[in-house]
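# Coordinate inspection notes
Each chain is listed here by its residues.
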Amino acid sequence: MTTDSLSNAVRVVIVGAGFAGFEAAEQITRKAKKSNTNVAVTLVSADDFMLYTPLLPEVAGGLLDPRFVAVPLNQTLPGVDVIAGRVESVDLDGKQVQYVGRGGETAVVPWDRLVLTPGSVTRLFDIPGLREHALGLKSTTEALYLRDQLLRELELASQTEDSALAEQHRTVVIVGASYAGTELVSQMRALADEVAEKRHFDPSSVRFVLLDVAKQVMPEVGDKLSHKVLDVLRERGIDVRLETSLESVSADHVVLTDGTRVPTRTVVWAAGVTANPLIATLGLPTEKGRLKVGTDLAVDGHPDVFAAGDAAAVPDLTEPGSVTPPTAQHAIRQGKALARNVLASVGTGTAKPYKHSNLGLVVDLGPGFAVANPVGVHLSGLPAKAVTRGYHLFSLPRGVNRWAVAMGYVTDVFADRSLVSFGTVTGDEAKFYAQGR
Ligand SMILES: Cc1cc2nc3c(=O)[nH]c(=O)nc-3n(C[C@H](O)[C@H](O)[C@H](O)COP(=O)(O)OP(=O)(O)OC[C@H]3O[C@@H](n4cnc5c(N)ncnc54)[C@H](O)[C@@H]3O)c2cc1C
């Protein structure tokens, strides 16, 4: 682009490079080039990579390296100006966003069109001790910390003569039996089994407790597959307790809502998400914390501001009266719709309402098992495993990452998981308050 065309370009600023923001940036740039539309796309994101979150449990379980699931923005989005910075405020009248860069400096970026896709953070409840003592699973930092934590705790258990203390070290409590919590417990179980085999102790001495207030695990996959998942989890010795949550959390134990006291030093809270805190600072209408948008993904009264993904309450045209659930599946498709509608707002193409029917879910449950319901076909066991892994390889938006993940899968077939803890992430960095920062 010449300096002249750059200065005349419509400035599109995207906040957040997750599934929605990444897809929007890629598609706006590509479609603008094809249609000779003069836009300059700037992507301001807290991380300089797009995180493929569905594979975080595999990172926590020591199956995949964190770099495999992080897609570098500067190497995948040619033509997009990527700024690694955390947006702190949005000036809707002055049309600029303010961000804090990697060096702690504050700067502003002006926009003609603004796309808000900062995603979500873990939704916490007012449970005593939860914020202080539990961990989440939304970032590579948390996934790495969890892996280290499990290996460290198992090591400490092996070193003590005190059986009560060893029990504390060898117990993991995970709250949330939807896909994130269920995949996580399966991967951590596999890692613990590996340690037990190599260190010659009984794997059943490592106790995993999975809690959920719902009546079943993974209701998203339907009754039949949900029962299968429950059977497999219990066969693996996972203590699944439904209609149960946490009453309180301490450094060395939790109390469940049924009054049971469980000694543990590892508690994971994976029970839902809420919109990124940036949304609450906008002074715009929200629904359950998510920014209200129309079916065209534009904010009512602000036709030059768009939002999508976990941060936005997008009307679900397939289920009138509800909003789309916070899933990657919707975020990716909303990213595509954002591109079309943002370009339509500058005169290229026609805007369309967002509509997408659920294509099902794939859930990897560790060694030899998965469940999947692609387009309504219910699969479990090895066929589901093949579909699940194939789906992730297909969906990862960069060849090198696909290759690395595929190698991780192949290695998993004939080699043991590496029992390595780096200890590079501190407990403070893995706390909930570090999310959305
Ligand atoms: C462990 C786990 C497993 C999951 N598995 C599945 C699955 O199997 N299938 C499925 O459909 N969904 C799954 N999900 C849900 C899915 O990850 C989310 O729905 C999806 O990531 C939402 O996309 P998004 O673009 O809205 O936000 P995100 O992908 O969360 O991206 C948000 C982006 O905004 C950036 N950001 C945040 N705050 C700021 C700020 N202030 N300034 C600048 N940038 C900022 C972040 O760095 C990030 O790049 C899973 C989630 C988790 C945590």
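Below is a short write-up of the structure. Since we're looking at a predicted model, the values are computed, not measured.

The next point concerns the pairing of strand 2 (residues 39–45). Of all seven residues making up strand 2, seven are buried, and the element is well covered by its neighbours. Here strand 2 shows a buried face lined by V39, V41, L43 and S45 and a second buried face lined by A40, T42 and V44. Here six bridges tie strand 1 (residues 10–15) to strand 2, and the two strands are oriented parallel to one another. What sits directly across from V12, in strand 2, is V41. Note on the crossover from strand 1 through helix 2 (residues 19–34) to strand 2: the handedness is right-handed. Sheet analysis places strand 2 next to strand 5 (residues 80–91), joined by five bridges and oriented parallel.

One face of the sheet, then the other: side chains in a regular strand alternate in exactly this way. Judged from the five bridges that link them, strand 6 (residues 96–101) and strand 7 (residues 106–110) form a sheet pairing that is antiparallel. Bridge assignment links Q96 to a residue of strand 7, and that residue is P110. Between strand 6 and strand 7, which pair antiparallel one after the other, the connecting turn spans four residues, and G104 there sits at a positive phi close to 90°.

This part is about the sheet that holds strand 18 (residues 286–287). Sheets are built from strands that pair by backbone hydrogen bonding, the pairs being arranged parallel or antiparallel. Strands sit in the order 18-19-22 across an open sheet of three strands; the sheet is mixed. This sheet does not close on itself; its edge strands, each paired only once, are strand 18 and strand 22 (312–313). The sheet contact formed by strand 18 and strand 19 (residues 290–292) spans two bridges and is antiparallel. Its bridge partner lying in strand 19, E287 is registered against R290.

What follows covers the pattern of salt bridges. Enumeration according to the criterion identifies 17 salt bridges in this entry. With a shortest N-O distance of 2.6 Å, E155 and R199 are connected by a salt bridge. On the criterion of sequence distance, the pair formed by E155 in helix 6 (residues 140–159) and R199 in helix 8 (residues 179–199) is long-range, its members being 44 residues apart. Classification of E155 by relative accessible area gives partly exposed; the value is 30%. Put simply, R241 and D258 hold a salt bridge, and the shortest N to O gap is 3.7 Å.

A few words now on the sheet that holds strand 12 (residues 238–242). Spatially, four strands are ordered 12-11-10-16 in an open sheet, and the strand pairing comes out parallel. Across the chains shown, the open sheet's two edge strands, defined by having one partner strand only, are strand 12 and strand 16 (266–269). Going across the sheet, the axis of each strand differs from the next one's by a mean of 15°, ignoring polarity. In this sheet, strand 12 lies alongside strand 11 (residues 207–212) in parallel orientation, the contact comprising five bridges. Pairing of D212 across the sheet is with L242, part of strand 12. Where helix 8 meets the sheet, its contacts fall on strand 10 (171–175), strand 11, strand 12 and strand 16, and the angle it forms with strand 11 comes to roughly 175°.

This brings us to the site of the ligand. Taken together, 30 residues form the shell around the ligand, and within it A20, T53, V87, N276 and D310 come nearest. Residue A46 places a main-chain N or O atom 3.1 Å away from a nitrogen atom belonging to the ligand. Those elements that provide at least two residues to the shell around the ligand are helix 2, strand 2, strand 5, helix 8 and helix 10 (328–345). Classifying every residue of the shell around the ligand gives 15 nonpolar, 11 polar and four charged. Formed jointly, the shell around the ligand draws a minimum of three residues from each of two domains, domain 1 (3–122 + 274–345) and domain 2 (130–271 + 423–434).

The rules behind these values
- Residues numbered from 1 in each chain as written.
- Predicted model: local features only at pLDDT ≥ 70, side-chain atom pairs only at ≥ 80, totals over all residues.
- Heavy atoms only, no water.
- Buried < 20%, exposed > 50% of the residue type's maximum accessible area, 1.4 Å probe, protein only.
- Helix = DSSP H or I, 4+ residues; strand = E, 2+ residues; numbered from the N terminus.
- Pairing = 2+ DSSP bridges.
- Right-handed = clockwise from strand over helix to strand, strands pointing away.
- Salt bridge = Lys/Arg side-chain N within 4 Å of Asp/Glu carboxyl O.
- Axes fitted to C-alpha atoms, helices over the stretch in contact; angles between N-to-C directions.
- Contact = heavy atoms within 4.5 Å.
- Near = heavy atom within 4 Å.
- Polar contact = N/O pair within 3.5 Å; in protein donor to acceptor, adjacent residues only side chain to side chain.
- Nonpolar A, V, L, I, M, F, W, Y, C, P; charged D, E, K, R; others polar.
- Domains from an automatic or database assignment.

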